Amino acid sequence: MLVISSREFRQNQRFYFERADKGEQIIVQRGANKSYALTPINEDDVYFSAEMVKKIKLSAEQAKNGEVKRVTSSEEINDLLGL
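The structure presented is a predicted model; accordingly, all values stated were derived computationally and were not measured. Residue numbers here run from 1 along each chain, matching the order of that chain's written sequence. Local features in this predicted model are restricted to residues whose pLDDT is 70 or higher, and side-chain atom pairs enter the listing and the counts only when it is 80 or higher, whereas totals over whole chains, interfaces and linings include all residues. Side-chain numbers here rest on the full set of heavy atoms in the structure, without hydrogens or water.

Let us now look at the overall build of the protein. The helix count covers DSSP runs of H or I at least four residues long, the strand count covers runs of E at least two residues long, and both are numbered beginning at the N terminus. A count of helices and strands for the protein gives four helices and three strands. Mapped from its N terminus to its C terminus, the protein presents α and β elements in the order β-α-α-β-β-α-α. Against the 2.2 N^0.38 benchmark of 12 Å for 83 residues, the protein shows a C-alpha radius of gyration of 22 Å, more extended than a compact globule. Principal-axis analysis of the C-alpha atoms places the extent of the protein at approximately 60 × 25 × 25 Å. Accessible area is worked out with a 1.4 Å probe on protein chains only. A residue is then buried under 20% of its type maximum, exposed over 50%, and partly exposed in between. Split into buried and exposed, the 83 residues of the protein put 10% on the buried side. In the protein, the proportion of contacts linking residues at least 24 apart, taken out of those at least 6 apart, comes to 22%. Values of accessible area rely on a 1.4 Å probe in the Shrake-Rupley scheme; residue burial ignores everything except the protein chains shown. When the accessible surface of the protein is split by element, carbon and sulfur atoms take 51% of a total near 7,400 Å². Charge counting treats Lys and Arg as positive and Asp and Glu as negative, with His and both chain ends excluded. Taken as the charge centre is NZ of Lys, CZ of Arg, CG of Asp or CD of Glu, depending on the residue. Side chains of the protein give 13 positive and 13 negative charges; the mean places of these two sets differ by 12 Å. Here the radius of gyration uses the C-alpha set of atoms, whereas the globule reference equals 2.2 Å times the residue count to the power 0.38. Contact criterion: two residues are considered in contact whenever any of their non-hydrogen atoms come within 4.5 Å of each other.

To continue, consider the sheet that holds strand S2 (residues 26-30). In short, DSSP must find at least two bridges between two strands for them to pair. If you walk across this open sheet you meet the three strands as S1-S2-S3, and the pairing is mixed. Edge strands, defined here as strands with exactly one partner in the open sheet, are strand S1 (2-5) and strand S3 (34-38). Each strand of the sheet is rotated relative to its neighbour by a mean of 30°, with strand direction disregarded. With four bridges joining them, S1 and S2 adopt parallel strand pairing. Along S2, the bridge assignment pairs Ser5 with Gln29. Between N-to-C directions, angles cover 0 to 180 degrees, with each direction set by a line fitted to C-alpha atoms, over the stretch in contact for helices.

Centres within 6.5 Å are what make two rings of Phe, Tyr or Trp a pair, Trp counting through its six-membered ring; a difference in plane orientation under 30 degrees is then read as stacked, over 60 as edge-to-face, and the rest as tilted. In total, this model carries two aromatic pairs according to the counting rule given. Measuring from centroid to centroid gives 5.6 Å for Phe9 and Phe17, while their planes differ by 80°, and the two rings are edge-to-face. Since its relative accessible area comes to 38%, Phe17 is described here as partly exposed. Considering the side-chain rings of Phe15 and Tyr16, the 5.0 Å spacing of their centres and the 75° angle between planes classify their relative orientation as edge-to-face. Look at Phe15 and you get partly exposed, because its relative accessible area is 42%.

Listed below in structure tokens is the structure:
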């Protein structure tokens, strides 16, 4: 693991991006109490669209209000999944 200052990162971004691409863990320290990990993103990483975030929030609200279906047996799981 390599810890560098934000100034060092700004001055040598390409160098540190290349090291991160090779699997090295790079931590950029900003001030005394803030740190960031430089991590490459690949096709397996999942990010949610605004529409998906909206659906997740709606589902959380429904669960909070008790609007859920309780499943207690393998038969109920199969029925829920249409198996």
